[in-house]
Each structure stands twice: as structure tokens, then as C-alpha cells.
Amino acid sequence: METFFNILLSGILLGGIYSLVSIGLNLIFGVVRIVNFAQGELVMLAMYATFFCFAKFGIGPYFAVFLVAPLMFLLGLAVQRLVLQPLQNEPMMQVFATFGLLILFENSVLAITRGEGYSLAGTYSRAVIDVFGLKASVSRVIVFLAATGIALALMLFLQRTMAGKAIRAVIQDRQSARLMGINVSRTYLLTFALGTALAGVAGALLAPIYTLSPYIGGNFILAAFAVVVLGGLGSVPGAYIGGLMVGLMESFAGYYVDPALKQAIWFIIFVVVLVVRPSGLMGQAGAEEVGLREQN
Amino acid sequence: MTPAQHEGASPPQSLGAAMLKYAGLLLLAALPLALLWNNSSWVGILATAYLFAALAAAWNIIGGFGGQFSLGHGVFFAIGAYTVARFYLDLGVTPWLGIFPAAALATIVALLISWPTFRLRGPFFAIATMAINEACFALANYSDAITGGPRGILIPFRAGLSNMIFIERWKYALLMFAFMAIVVLITVWLRRARLGHYLMAIRADEDAASAAGIDVLKAKLQGMALSAFLTGIGGGLFAMYIRVLDPPSLFTLPDIGVKFALIALIGGIGTIIGPVIGALLIVPLENFLRGWLGGDIPGGHLIILGAILVIASLFLKRGVVGALIAANRRVRGRR
Amino acid sequence: MTSFLRVEQASRRFAGLLAVDSVSFAMNRGEILSLIGPNGAGKTTLFNLISGQLKPTTGAIILREDLINNLPPHARAQRGIGRTFQIAKPLIGLTARENVMVGAFLRHAGHDAAYAAAAGVLAEVGLEARAEVPAGELTLSERRRLEVARALALEPELILLDEVMAGLNATEITQVIELIHRLNARGMTFLVIEHNLKVVRAFSQRVIVLDHGAKIAEGTAADVLSDPQVVRAYLGKKHGAHA
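1. A look at the overall build of chain C
- For chain C, the helix and strand inventory stands at nine helices and 10 strands.
- Taken over the C-alpha trace, chain C has a radius of gyration of 18 Å; the compact-globule value for 243 residues is 18 Å, and the two agree within 12%.
- Reported as C-alpha extents along the three principal axes, the dimensions of chain C are approximately 55 × 40 × 35 Å.
- The buried share among the 243 residues of chain C stands at 47%.
- Within chain C, counting contacts between residues at least 6 apart in sequence, those at least 24 apart form 65% of the total.

2. Structural notes on the overall build of chain B
- When helices and strands are counted, chain B shows 15 helices and two strands.
- Expected size for 335 residues packed as a compact globule is a radius of gyration near 20 Å; at 20 Å, chain B falls within 12% of this value.
- Viewed in the frame of its principal axes, chain B has a C-alpha envelope of about 65 × 45 × 40 Å.
- A total of 335 residues make up chain B; the buried ones form 55% of that total.
- Contacts spanning at least 24 positions in sequence make up 77% of the contacts within chain B whose residues lie at least 6 apart.

3. Looking at the interface of chain A and chain B
- Listed as interface residues are 40 residues of chain A and, on the opposing side, 37 residues of chain B.
- Those elements that place two or more of their residues in the side of chain A that touches chain B are α4 (91–113), α10 (216–231) and α12 (262–276) of chain A.
- For the side of chain A that touches chain B, the element with the highest residue contribution is α4(A), accounting for 16 residues.
- The residue makeup of the side of chain A that touches chain B, split by class, is 30 nonpolar, seven polar and three charged.

4. Quick look at the environment of A:I167
Residue and element names in this part refer to chain A.
- Tracing the backbone through its elements, the reader meets I167 in helix α7 (residues 162–172).
- On the basis of neighbour count, I167 is assigned to the buried category, with 25 C-beta atoms found within 10 Å.
- A sequence separation of 21 residues divides I167 from Y188, and the C-alpha atoms of the two residues are 8.3 Å apart.
- Non-local contacts of I167, meaning those with residues more than four positions away in its chain, are made with V31, L158, T187 and T191.

5. Digging into the interface of chain B and chain C
- Each partner contributes residues to the interface: chain B has 26 residues there, and chain C has 35 residues.
- Residue assignment for the side of chain B that touches chain C shows that the elements contributing at least two residues are α8 (194–204) and α9 (206–211) of chain B.
- Broken down by element, the residue count for the side of chain B that touches chain C peaks at seven residues, all from α8(B).
- Looking at the side of chain B that touches chain C, its residues break down into 13 nonpolar, six polar and seven charged.

6. A word on the sheet that holds strand β2 (residues 17–27) of chain C
Residues and elements named next belong to chain C.
- Within the open sheet, the four strands sit side by side as β2-β1-β4-β5. Their pairing is antiparallel. The sheet terminates laterally at β2 and β5 (66–67), the two strands that pair on one side only.
- As paired elements, strand β1 (residues 5–14) and β2 share seven bridges and run antiparallel to each other. Across the sheet, residue R12 finds its bridge partner in β2, namely V20.
- Strand contacts of helix α1 (residues 43–51): β1, β2 and β4 (58–63), with the helix running at about 60° to β2, the strand carrying the most contacts.

7. Things to note about the pairing of strand β3 (residues 134–137) of chain A
Residues and elements named next belong to chain A.
- Sheet topology places strand β2 (residues 128–131) next to β3; four bridges connect them, and they run antiparallel. For V128, the partnering residue across the bridge sits in β3 and is S137.
- The turn linking β2 back onto β3 is made up of two residues, and F132 within it adopts a positive phi angle of 45°.

8. Re the sheet that holds strand β7 (residues 158–162) of chain C
Residue and element names in this part refer to chain C.
- Taking strand neighbours across the sheet as the criterion, the six strands line up as β6-β7-β8-β3-β9-β10 in an open arrangement whose pairing is mixed. Strands at the two margins of the open sheet, each flanked by one partner only, are β6 (81–83) and β10 (214–219). For this sheet, the mean inter-axis angle between neighbouring strands, taken without regard to orientation, is 20°.
- Bridge count for β6 against β7 is three bridges, and the pairing is parallel. Its bridge partner lying in β7, I81 is registered against L158.
- Where α1 meets the sheet, its contacts fall on β3 (32–36), β6, β7, β8 (189–193) and β9 (206–211), and the angle it forms with β7 comes to roughly 155°.

9. Focus: unusual backbone geometry
- Look at B:M164: it is not a glycine, yet its phi comes out positive at around 55°.
- Take B:M164: it is sitting in the loop between β1 (153–154) and α7 (169–192).
- A tally of 23 C-beta atoms within 10 Å means that B:M164 is categorised as buried.
- Despite not being glycine, C:E163 shows a phi value in the positive range, around 50°.
- Mapped onto the fold, C:E163 is located in the loop between β7 and α6 (170–185).

10. Digging into the packing of helix α2 (residues 40–65) of chain B against helix α12 (residues 257–267) of chain B
All names here are of chain B.
- At a minimum axis distance of 8 Å, the contact between α2 and α12 shows a crossing angle of 85°. Relative to α12, the element α2 lies roughly perpendicular. For the pair α2 and α12, contact is made by F52, L55, A56, W59, N60, G63 and G64 and by K259, F260, A261, I263 and A264, respectively.
- Tallied by class, the residues present in the contact of α2 with α12 amount to eight nonpolar, three polar and one charged.

11. A short note on the confidence of the model for chain B
Residues and elements named next belong to chain B.
- This prediction gives chain B a mean pLDDT of 91; 96% of its residues lie at or above 70.
- By mean pLDDT, helix α6 (residues 144–147) is the weakest element of chain B at 85, and helix α10 (residues 216–242) is the strongest at 97.
- Throughout residues 1–8 the model reports pLDDT below 50, and contacts reaching past four residues in sequence, or to other chains, amount to 14 contacts.

12. Section: the nonpolar core
- In this structure, A:A46, A:A226, B:Y50, B:M180 and C:A118 are the most contacted members of the largest nonpolar core, which totals 304 residues.
- When residues in this core are grouped by element, the largest group, 18 residues, is from α2(B).

13. Some details on α6(C)
- Over its 16 residues, α6(C) runs 23 Å from end to end, which matches the ideal 22 Å to within 8%, given 1.5 Å per residue.
- Remark: C:G187 follows α6(C) within two positions and exhibits a positive phi of approximately 105°.

14. Section: the confidence of the model for chain C
Residue and element names in this part refer to chain C.
- A residue-level look at chain C finds 95% of positions with pLDDT of 70 or above and a mean pLDDT of 90.
- Confidence, read as mean pLDDT per element, is least for helix α9 (residues 228–235) in chain C (82) and greatest for helix α3 (residues 96–104) (97).
- Low confidence marks residues 237–243, where pLDDT is under 50. Its contacts with residues over four positions away, or in another chain, come to nine contacts.
- With pTM at 0.91, the complex prediction returns an ipTM value of 0.91.

15. Description of helix α5 (residues 123–142) of chain B
- Between the first and last C-alpha of α5(B) there are 29 Å, a value that for 20 residues agrees with the 28 Å anticipated at 1.5 Å per step.
- Within α5(B), 16 of the 20 residues are buried, which leaves the element mostly enclosed by the surrounding structure.

16. Considering the packing of helix α6 (residues 138–160) of chain A against helix α9 (residues 184–206) of chain A
Residue and element names in this part refer to chain A.
- At a closest axis distance of 10 Å, the pairing of α6 and α9 adopts a crossing angle of 165°. Here α6 lies roughly antiparallel to α9, going by the angle between them. Judged by the twist between their axes, the crossing of α6 over α9 is right-handed. Where α6 approaches α9, its residues I142, V143, A146 and I150 are matched on the opposing element by L198, V201, L205 and L206.

What counts and what doesn't
- Residues numbered from 1 in each chain as written.
- Chains lettered and ligands numbered in written order.
- Predicted model: local features only at pLDDT ≥ 70, side-chain atom pairs only at ≥ 80, totals over all residues.
- Helix = DSSP H or I, 4+ residues; strand = E, 2+ residues; numbered from the N terminus.
- Rg over C-alpha atoms; globule rule 2.2 N^0.38 Å.
- Buried ≥ 20, exposed ≤ 12 C-beta atoms within 10 Å, placed from the backbone.
- Contact = placed C-beta atoms within 7 Å.
- Nonpolar A, V, L, I, M, F, W, Y, C, P; charged D, E, K, R; others polar.
- Pairing = 2+ DSSP bridges.
- Axes fitted to C-alpha atoms, helices over the stretch in contact; angles between N-to-C directions.
- Parallel < 35°, antiparallel > 145°, perpendicular 65-115°, else oblique.
- pLDDT = per-residue confidence, 0-100.
- Core = buried A, V, L, I, M, F, W, Y, C linked by C-beta atoms within 7 Å.
- Expected span 1.5 Å × (residues − 1).
- Left-handed = near helix turned anticlockwise from the far one by under 90°.

Right under this line is the structure:
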């Protein structure tokens, strides 16, 4: 029985990780309707940047996040403006371009670090905390709390601020939003940059947990897509709950079935959600009908 | 008055004439081989280029004509490779025959995967196929019995025509060239046939396509079946050429699955000769880059390829062939 | 006489909105029936119910005595229903000829047969000189004609035209009316959504008026257009019908 609770806890914490990584992606999907294959790489870049802050300047990740996130925001602005905006109406080219960025980022980091594995883990992840009698690593709990906090903050932002309302309007109907005087291009720019900054936060907070490798982005991108499909496009609570569910599924499947099959889990999630409920748990438009033809 | 006799209506170019035209272009593509057959390293590059041209052309059927961006073709490629290898090693079946069950198996898997995922529009289809690739990568690492697990399968060198193993590299190049020619000529046929028109209609506008009487799912499945079948054969040929099969060399997306698409993009998505041109550009380039950068800068050649992908998607969407066609029309003026 | 197309109490609801409200009518072979009504009346939705892009929430669509509610669009095309879309959907990436061949392939399996059939249709709509032009480069009027051509290539018995005259000049409108009459003389049945009331008077044998999803009038063009309820729906209480 204790095993069960351990797996449950580990699933929830893993879910927190996935939620944190996916919230940014979900927002980007929902608003800009662009598939960003490079999202996992953005997290990876942030992880390395965080490591760099620690190794070079001795700044811990929980402080570095305040440096890394704004830098990622700027990177997001650049990517959106230079690469994605010109490709607004060309979904196939978006796949090529973002996949190209994926390869570019991944191998640039590989070239710079020469494949050395870096780790913050030693310093940070040894700390363990007691959660209802079970042991959990502090860094993972922090990620979970951060994911929850960010999800709440984002929901407030979307509900209460003008910028947030503009974003929600564009999610619902970009033509009408435009007619209402909302600068849709600027909203895209802001949202993509915000999504990138969120990836930055995720990267910084995950740096203590994972051994850094240029290829770690690949781990996150598929899980993030599964979360987005499951949770529904453009829905922050959907991304949060979806992340938890994917984490739990992976945790349980990993234990009771086989750890090597986790990629299969993600694919199964796609298919099942598609067949049963294409718009996901809380989405307004589903993976089925995100007809990328109406992307302008 | 029969419709074909309408004044001003140009009679259709016959299939034979179209085939001849492309056969001519293919012979041009054979020129490097004819000139360099003595040079083992160039021949090796050409063999790989011809093979990847064929694979890109096969991908182009569903990805280019059909507009369904599949990142999962590595799976069909791998199934072809493993099947031919196993049939050869365990059952002693000559690869010349083994490629058929290999292709059939690849096709069946393709249909099983596609039937649920074709419901997805646009990039979500790409994502799902990427997930499949990763899932199969994991499965291949896992199933030692069939795939040899992470260590893979080694096909011992025993030269012989019936083994499809050759001492001279130019024979491999010739084999790959023949395969490429067959795939390209199949595309010539497809482009004119009903299925080809249906796929292009689907790419353009699925709603208009179904209003025009097209059973969209069925057409997509047919296109995918043909594409996967040919990709499976390619995988089988690859197995007998490289003779070392392990999951990373078959499932790594930038090397295989995305490479097919990249070559089609550079050459010209949805064109017939585009994949050939793309392969003849990209494969030697990559080879050169690997030699030049590979040692000093790990992953250097991929940095360049990644950059090429981004730049091509922004500025060379129609590929080399597309750009040439557009320039030609500009020069001729609008008809 | 059994009717060719029968729509019985068809309704279509979208969450809170009842876009089509219990509409019933019948068409015989060879009729030209116009469907008119103010914007948002549900005309295109009704088209979608007939050609299969949408399924009715309640009610029946019956073609030649077969209930076709559950048939997908391509199956209805096979059964002889062709349609154009209000915003023309040319198949980009294909030439005009290839666009029409896409339709022709439904009835002709081989390339040459489809080519010949398409050539005939292109001539019929006057696009034969532009056959090799990529669809993306055609003018608005040409795109409209291409829409019609692709539907004609299906060799339909019933063709649904959705505001095919919009944006055309007087000459072009006359050409389209002539085309419709020519095809009708050969037995083709037409259901036409049209805003241009002059055109409606010119070729309709019968007119149906929709307002807020419901049928409010049916009859000849003259009768319907002087019906006070119709006038009110279109123009408000103060004005008389003019066209």
C-alpha cells in the first residue's frame, strides 16, 4: 500500500513538472495556433543557462530563474518575430521551421558543451521533505508548487488584466478580436514570448532535478504535446490538470507495466483523447479541428 | 462534338511521354555515377543519395502531394530494414524477395497507425507521428528477440548477388539508382492518376475535396499505404547496404524521419524530381560537413542542417524545383 | 409523383442557436428553386444539411426516396448532389484543369477519360483558355466559374449554388444565368441561394424564403416578393419590395 502512495506522490510531482513545462506551450497553441516543436529545447536552453549562472557566478537556480526567464522572454520575441510571424499561414512550414530550431538548439548546445553531462543535482536534490509520511525531494515539491502558483497567477492574469483579456479574445475568435481593435499581431508576440518565458521558469526550476543533456528537450516535448491535447487548447486549468494526469499515468504505467514504454503512453493518450473527446478536457477547440487554414 | 475536340483544348500528354521526360532527367542524375564509378568514397555518397532520394520521393507521396506531414516514416523504414534482415538471417530468404514481406508489414503498420491519426489536422498529425516514432524507438530497444535490442543486428559480409551484398560499391549505387528510378516513375504515374489528384485536393482543402466526391480518409490511407510500402523497401535495401542495424541509426529523427522531409523540402515538396535534386544536394553536403566539422564540433553538421531547415522554410518553401518553375513562369510572362 | 429531393422538418441546432427551424419543402427533377432570405437566415446551413457538411439535429433529408441524413458529403456527391461554396474554394496548387479533373475523376477512373470530361466542362463554363493557370491566380469571377465547373464535373443531378453571382458584373451574371438555363434544359435540378432579387426573378420557377431559420414563404418569385411578411423580413416595415 505504501508503494501505491509512493507511486501516487511521484506521479503527482511528475505531473507538476509536466504542467510547468506545458503551460507555456498550451498558451502558445491556443493563441498563436502554432506548433512549436522547439518548446522542449527552450526548456533545455533555460536549464543550461541556469547551470551557467550557478557554475560561473554561484547563483542558485531559485534566484537565477529571475534572470533566465526575462532572457527567454527576449528569445521568444525574436523567434516569433523572425521565424514564426512570417509563417503565419503555412502550417507545414511551421513544422519545418520549429523542427529546424529544435535541431539547431540541440546541436548548438552539444557543440558548446561537447556532450559533457552537467548536473546541479548533487548540491540541490539531496534535500528531502516529508509529505504525509512519504519522502519527496524538495526540488520536485518546489516545481509542483511553482506549477500550481503559476497556473493560478496565469488564470488571474487572463481574467483580470486587459492584456489577458485580449489573449482570451484571440483564443476564442481572432477575426472578431481584430474587429474589436485588438492588435492580434502584438498579442501573438506577447503570448509567444510569455510562453517562452514560462519555459524558462520551467528550465530553471528543473535544473536541480535532471542531469543536463542537450537531448533532454525531446523528453519534454512529447509529454507536453500529450498534455496539451489532453487538457485542451488554450486552457490553463486544462494544462495544469492534464499535466497531473499525464504524470500520474506515466508513473503508474511505469511501475505496473514497464518503464521503457512511457513514450507509448503519450501516443496512446493522443489516440484515446482523439477518439473520445477531441477538444480535450477543457479546451475550446480540439486537436481535430484546429484547422490551421484559419490561422490568420 | 466530343469534348476533346474543343478548339483550343490541348490534348493530354500521354503517360508514356511523361515517363520518357522523367527518365531523361533520371539519366542526368545517373551522370555523376557514370563519371565517378571508380571513386569509392564518391560512389558511397551517391548510393546514399539515390536511396534517400527514393525515400524522400516516397515520403513526398503522402507528405508532399497529400500534405500530411508525417514524422513517422522512420518507423516504416525500420520495419523494412529489420524484416529483411531477419528473413535473411533466420530464414535464409534472399533480400530480393524479403523486401516484399518487409514492405507489406510496413504498410500494415502504417495503416493501423494512420487510421486513428488521420483524424488529426495539420501539425497535430505531425506530432502524433513523432510520438509513434519515439514509441517504436523505445520498443526497438526493448524487444531484443526481434531487433537485437540496443546492440542491434549485424549482417555478416558474404558477397553475392542473391544476398544483395556486393564487394564493389558501384553495384550498390546502381541498385539504389534503380530503386530511385522506380519510385520516381511511380510518382509520375501517381501525379496524373486519380489518387494523385485526390491527394492534392486533400492537401489544398479537405472540405472542398469531400464535396467533390472524395472519400478523404480512404484516399489518405491509400496514399499512406503506397508511401509506406516504398519506404519499407528502402529500409530493406538500407539493411543490406549498411549491414549494421541499431535503433539509433534507424529512429533518430534528424537522420532519418526528418531527413526524408528535409530533402523533399529542399528539392521541392509536391514535385516529382524535387526529391532527387534535394538528395543530390543534401547528402553530399552533409557528408562534407561531417568531415569538415564533425571532429572539432560535435553535432556541427546538424547545426547547419537545422539552420538550412529554418531558412528553407522561410525563403525556399517551394524548393529548388519550385523556385525554377516560378522563375520560368516569370520569364515567360503570364500565359 | 415522387419528388426528387425532400426536406422534412429539418432542424439544426448549434448549442443555443437554432439555425434551421423545422424547414420542409420538396423539389422535382428539373426544377430551379431559389432560396432567399436576409443574412443569417440559415440558408447556407440548410445547404450544408442537404450536401452533407452538417447533419440535421432533427428531421430528414430524402433523396429519391432514400434517407441520406447519415451520408457523408462525398457519398452524397456520388449520389448526384453537387455544390458550390459561398466563398469559393479553389484547390490551390492545382491548375484550373486539374481542379475540374478532381471532380471528373468521380465518374471517370482513368486520366484520359477524366481529362476529356474536364475539358468539356471547362468549355461549358468558359474557362478553357485559362485551363493551365494555377487556381490561385484566377480572378474572382474565374474562381466562381471554377467552383461551378468542379461541381459540374461530378455530373450531378442536383446542384446547389451558394451566392454564385456575388461580386460579378452584369455581363458575367448574364453568362451564369445562361449557363443555368442551358444545363436546366438538359434536366439538371438547381437549388440556388441568391441575394440579387432581379436574378431570382429572372430564372426561378419557385422561391422559398427563410428568416431566422424558418421557412416563411414559398411560391413563385412574383408572389413571394410581394408577400408582406417577406418584405418585412428583408427590409423592415417602412419599405416596399424593390429589386
